[in-house]
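Spelled out from the first residue to the last, the chains are:
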Amino acid sequence: MNKNDGIRVNVKHIVEEGLLITGNLPPSIFDIDESDRLDSPNPLAYDLMAFLTAHTILIRGTLRTTLRCRCDRCLHYYDHLVENSDVCLFYEEVTDDFLDLTEDVREDLLLSFPQKFLCVPDCRGLCPECGQNLNVRKCHCSAPVGAPCAFDKLEGLDL
């Protein structure tokens, strides 16, 4: 990421009513490796407001981006909006003229990334026999009668 691709606030520009800080940061801000599971091709948009009281600064606002994800169940690619509308950053004893918000904003949005990627909450996934995407159509496979459950092996463990 280029040094100019950050969010730097001139503390002297923060007036009593606050200072509006808006813009976009390039996708490289996330510093995540592109993979077949997750990609961040879109910029990070931010709409923030900075408030100053004595030597403390409060930053409130919204962060958002759209990720390109691969569903963990059906392997379908989809776009996922990640938004944090409750950004709240607090800085005490600010003595410099400039405050760099870049890393804190990055971390705040990374915490909003999904842990499990699902194209829809009730994704039915793939048939384990034929691989058919069960969201698109049913397959004609039937699970063998008495097929072992994935958790059957746990029954024999001596804990």
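One can find the structure itself at the top, above this paragraph.
Computed from a prediction, not measured in an experiment: that's the story for all the values here.

Asks: In this structure, what is going on with helix α1 (residues 102–110)? I would like to understand it.
Replies: The complete set of buried residues in α1 reads T102, V105, R106, D108 and L109. Along α1, the residues classed as buried sweep out an arc of 165° about the axis, all on the same side. Those residues of α1 that are buried lie in contact with β2 (19–25), β4 (44–53), β5 (56–70), β6 (77–91) and β7 (98–100).

Asks: Before we go on, may I ask you to explain the pattern of salt bridges in this structure?
Replies: When the charged atoms of two side chains lie near each other, side chains of opposite charge can form a pair. With the rule as written, the count across this model stands at four salt bridges. Residue R68 pairs with D79 through a salt bridge whose shortest N-O separation is 3.2 Å. With R68 in strand β5 and D79 in strand β6, this pair connects stretches of sequence that are 11 residues apart. Classification of R68 by relative accessible area gives partly exposed; the value is 32%. Overall, D79 belongs to the exposed group, its relative accessible area being 52%.

Asks: What exactly am I supposed to notice about the nonpolar core here?
Replies: A general feature of soluble globular proteins is that nonpolar side chains tend to end up buried together. By size, the foremost hydrophobic cluster in this structure holds 33 residues, and its most contacted members are L48 and L101. Of all the secondary structure elements, the ones that give two or more residues to this core are β2, β4, β5, β6 and α1. Look past the residues within four positions of L48 in its chain and what remains in contact with it is L19, L20, I21, I59, R60, G61, T62, L63, V87, L101 and V105.

Asks: Looking at this structure, I do not really get the side chain of T56. What am I missing?
Replies: By the secondary structure assignment, T56 is in strand β5. With a relative accessible area of 18%, T56 lands in the buried category. A polar contact of 2.6 Å, which involves the side chain of T56, links it to the side chain of T53. Not counting residues within four places of it along the chain, the set of residues in contact with T56 comprises F51, F90, Y91, E92 and E93.

Asks: Just to check I follow, could you spell out the side chain of T102 for this structure?
Replies: Mapped onto the fold, T102 is located in helix α1. Classification of T102 by relative accessible area gives buried; the value is 6%. Among the polar contacts listed, one links the side chain of T102 to the side chain of D100, at a separation of 2.6 Å.

Calculation rules
- Residues numbered from 1 in each chain as written.
- Predicted model: local features only at pLDDT ≥ 70, side-chain atom pairs only at ≥ 80, totals over all residues.
- Heavy atoms only, no water.
- Buried < 20%, exposed > 50% of the residue type's maximum accessible area, 1.4 Å probe, protein only.
- Helix = DSSP H or I, 4+ residues; strand = E, 2+ residues; numbered from the N terminus.
- Arc of directions from axis to C-beta.
- Contact = heavy atoms within 4.5 Å.
- Salt bridge = Lys/Arg side-chain N within 4 Å of Asp/Glu carboxyl O.
- Core = buried A, V, L, I, M, F, W, Y, C linked by side-chain atoms within 4.5 Å.
- Polar contact = N/O pair within 3.5 Å; in protein donor to acceptor, adjacent residues only side chain to side chain.

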